[in-house]
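Structure at a glance
Given next are the chains, with one letter for each unit.
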Amino acid sequence: MTVSVVIPHRDRADLLERVLSCLSNQRLPGETSLEVIVVDNGSSDGSADVAVAHGARSILLGSNEGVSKALNRGIEAARGEWIAVLNNDVELAPDWLGVMLEAAQRADAWFVTGRVYDTVRAGVLDGAGDAVCRGGTAWRLGHGKLDGPEYSRPRATYFPSATAALFRSEFFDVAGVFDESFFAYLEDVDLGMRAAALGLAGAYAPEALAWHRGSATAGRWSSQSVTWITRHQLLLIAKHYSEALLLRFALPILSAQLLWAALALSRGRVRAWLAGILLGLRDCREHWRPCSRRGEDGLAAALRAGEGEIAALQRAGGWDSYWRWYFRLVGQPARSMS
């Protein structure tokens, strides 16, 4: 059995060295072999030499063509029965891949995502899988919270985190690859919405451990990041919400978007937010289909379930201001977790 690992990358050869070293030290089960593919978005440092030194295949795009395009070129080149996607700023436990494979096979899952810690802050989570609310905004479950027993429960999910995830190669044949309209950010949420509509369930494996140096390449709360996220949130709604779903979830959508605007304003990124709004409204025309969508009921159920997960974990770990106000505006879901 072969596992292909796809890493989109641009500059930061030091980060690439770490993640490739982690892959070299993976304890692989049985007859498993590893194929590592680095898709380079126009690096100007010594990244290409680092990839060669670790025996990775390199796909050189020549310029920065975006995370989604880089992921897709790697997926298209992959020869494995399983395909892992990794950020270049991730470090992995030595048994990460073996645990992910075992969890996928045990749950008969289409994909698996694990527990990811913040590299800088000991014991603090970067994320324990993703969830999306009815308003179309996503949260990395547990992000910024201290680890606890509530993050140690395996569960089914429709939302893979492209920070570090493992997919059956057939998943991309059924769901499609990453949408290259999403240059960076939320491309995995778009993929998860398609998975929910198609009923392609994945699994969260809390024993699969990784560490993430978040936004090491793009920069945390950079103007460009805010613009991309704002635009892509609008594209998600245009792509996946029918007229009926827009009406049903009108209050959550309006609440989620206004609160995101307030958050961007509080970070001094109002111009970046406005730029994202303008781009999103322009580009929504291309994606909007004013009719019912295939799998709409499955998507709606997944969003309701995700909203319940977000609320339960916020109660357990302490409320972030965004989610506190979101649930004040739309109402609290029933308590499904203790």
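Figured I'd write up the structure that's included with this text. In this text the structure is predicted, and so the values were computed from the model without any measurement.

Across its full length, the protein carries 12 helices and 12 strands. Since a compact globule built from 338 residues should have a radius of gyration of about 20 Å, the 19 Å found for the protein is in line with a globular shape. In terms of its C-alpha atoms, the protein occupies a principal-axis envelope of roughly 50 × 40 × 40 Å. In the protein, which comprises 338 residues, the share counted as buried stands at 54%. When the accessible surface of the protein is split by element, carbon and sulfur atoms take 54% of a total near 14,100 Å².

Together, Leu 265, Val 270 and Leu 274 give the surface a local cluster of nonpolar side chains, amounting to about 260 Å² of exposed area. Position of Leu 274 relative to the elements: it lies in helix α10 (residues 270-287).

Moving on, we get to unusual backbone geometry. Positioned with a positive phi, Asp 108 is a non-glycine residue whose angle comes to about 50°. Its location among the elements puts Asp 108 in the loop between α4 (96-107) and β6 (111-118).

On to the packing of aromatic side chains. Given two aromatic rings, one states the distance between the centres and the angle between the planes to describe the pair. One pass over the full model with this rule turns up 15 aromatic pairs. Ring geometry for Phe 167 and Phe 171: centres 5.2 Å apart, planes at 45°, overall tilted. Residues Phe 167 and Phe 171 agree in their burial class; the two are buried. Both rings, one in Phe 167 and one in Phe 172, keep their centres 4.9 Å apart while their planes meet at 50°; by these two values the pair is tilted. Grouping residues by exposure puts Phe 167 and Phe 172 together as buried.

In this section: the environment of Arg 121. For Arg 121, the location among the structural elements is in the loop between β6 and β7 (125-127). Linking Arg 121 and Arg 213, residues 92 residues apart in sequence, is a C-alpha distance of 9.8 Å. Among the polar contacts listed, one links the side chain of Arg 121 to the side chain of Asp 118, at a separation of 3.1 Å.

The end-to-end C-alpha distance of helix α1 (residues 13-24), which contains 12 residues, comes to 16 Å, matching closely the 16 Å that a straight helix rising 1.5 Å per residue would cover. Buried residues of α1: Ala 13, Leu 15, Leu 16, Val 19, Leu 20, Cys 22 and Leu 23, and no others.

What follows concerns the environment of Pro 206. Its location among the elements puts Pro 206 in strand β12 (residues 202-212). For the pair Pro 206 and Arg 155, spaced 51 residues apart in the sequence, the C-alpha separation amounts to 9.0 Å. Beyond its immediate chain neighbours, meaning those up to four positions away, Pro 206 contacts Arg 115, Tyr 151, Ser 152, Arg 153 and Pro 154.

Let us look at the nonpolar core. One finds Met 193, Tyr 241, Leu 303, Ile 310, Trp 323 and Tyr 326 to be the most contacted residues of the largest nonpolar core, which totals 48 residues. Of all the secondary-structure elements, those providing two or more residues to this core are β8 (130-132), α6 (187-198), α7 (223-240), α9 (250-266), α10, α11 (296-317) and α12 (321-330). Those residues within four positions of Ile 310 in sequence are excluded, and the remaining contacts are Ala 131, Val 132, Cys 133, Trp 139, Leu 141, Trp 323 and Phe 327. Val 38, Ala 56, Ala 84 and Met 100 belong to the second largest nonpolar core, which has 33 residues in total.

Following the criterion strictly, the structure yields 22 salt bridges and no others. The closest approach of N and O atoms between Arg 73 and Glu 76, which form a salt bridge, is 2.9 Å. Placement of both Arg 73 and Glu 76 in helix α3 (residues 67-77) is noted, with a separation of three residues, approximately one turn of the helix. Using a relative accessible area of 23% as the deciding quantity, one classes Arg 73 as partly exposed.

Another aspect to go through is empty space enclosed by the protein. Using the criterion set out here, one finds two cavities of 30 Å³ or more in the structure. Here the largest cavity defines a volume of roughly 60 Å³. Those elements giving two or more residues to the lining of the largest cavity turn out to be β6 and β7. No other element matches the three residues that β6 contributes to the lining of the largest cavity. Of the residues assigned to the lining of the largest cavity, the class counts are three nonpolar, six polar and three charged.

In the contact formed by α6 and α11, the axes pass within 7 Å of each other and the chain directions differ by 120°. The orientation of α6 relative to α11 falls into the category oblique. For the pair α6 and α11, the sense of crossing is right-handed. Of α11, the residues touching α6 (which contributes Met 193, Ala 196 and Ala 197) are Gly 298, Leu 299, Ala 302 and Leu 303. Class assignment of the residues belonging to the contact of α6 with α11 gives a composition of six nonpolar, one polar and no charged.

Quick notes on the rules
- Residues numbered from 1 in each chain as written.
- Predicted model: local features only at pLDDT ≥ 70, side-chain atom pairs only at ≥ 80, totals over all residues.
- Heavy atoms only, no water.
- Helix = DSSP H or I, 4+ residues; strand = E, 2+ residues; numbered from the N terminus.
- Rg over C-alpha atoms; globule rule 2.2 N^0.38 Å.
- Buried < 20%, exposed > 50% of the residue type's maximum accessible area, 1.4 Å probe, protein only.
- Areas by Shrake-Rupley, 256 points an atom, 1.4 Å probe, with all protein chains shown as cover.
- Patch = residues over 30% accessible without salt bridge, like charges linked within 9 Å, V, L, I, M, F, W, Y side chains within 5 Å.
- Salt bridge = Lys/Arg side-chain N within 4 Å of Asp/Glu carboxyl O.
- Phe/Tyr/Trp six-rings, centres within 6.5 Å; stacked < 30°, edge-to-face > 60°.
- Polar contact = N/O pair within 3.5 Å; in protein donor to acceptor, adjacent residues only side chain to side chain.
- Expected span 1.5 Å × (residues − 1).
- Contact = heavy atoms within 4.5 Å.
- Core = buried A, V, L, I, M, F, W, Y, C linked by side-chain atoms within 4.5 Å.
- 1 Å grid on protein atoms, 1.4 Å probe; cavity = no way out; pocket = protein on both sides within 12 Å on 5 of 7 lines; lining within 4 Å.
- Points joined across faces, edges and corners; volume = space filled by probe spheres on them.
- Nonpolar A, V, L, I, M, F, W, Y, C, P; charged D, E, K, R; others polar.
- Axes fitted to C-alpha atoms, helices over the stretch in contact; angles between N-to-C directions.
- Parallel < 35°, antiparallel > 145°, perpendicular 65-115°, else oblique.
- Left-handed = near helix turned anticlockwise from the far one by under 90°.

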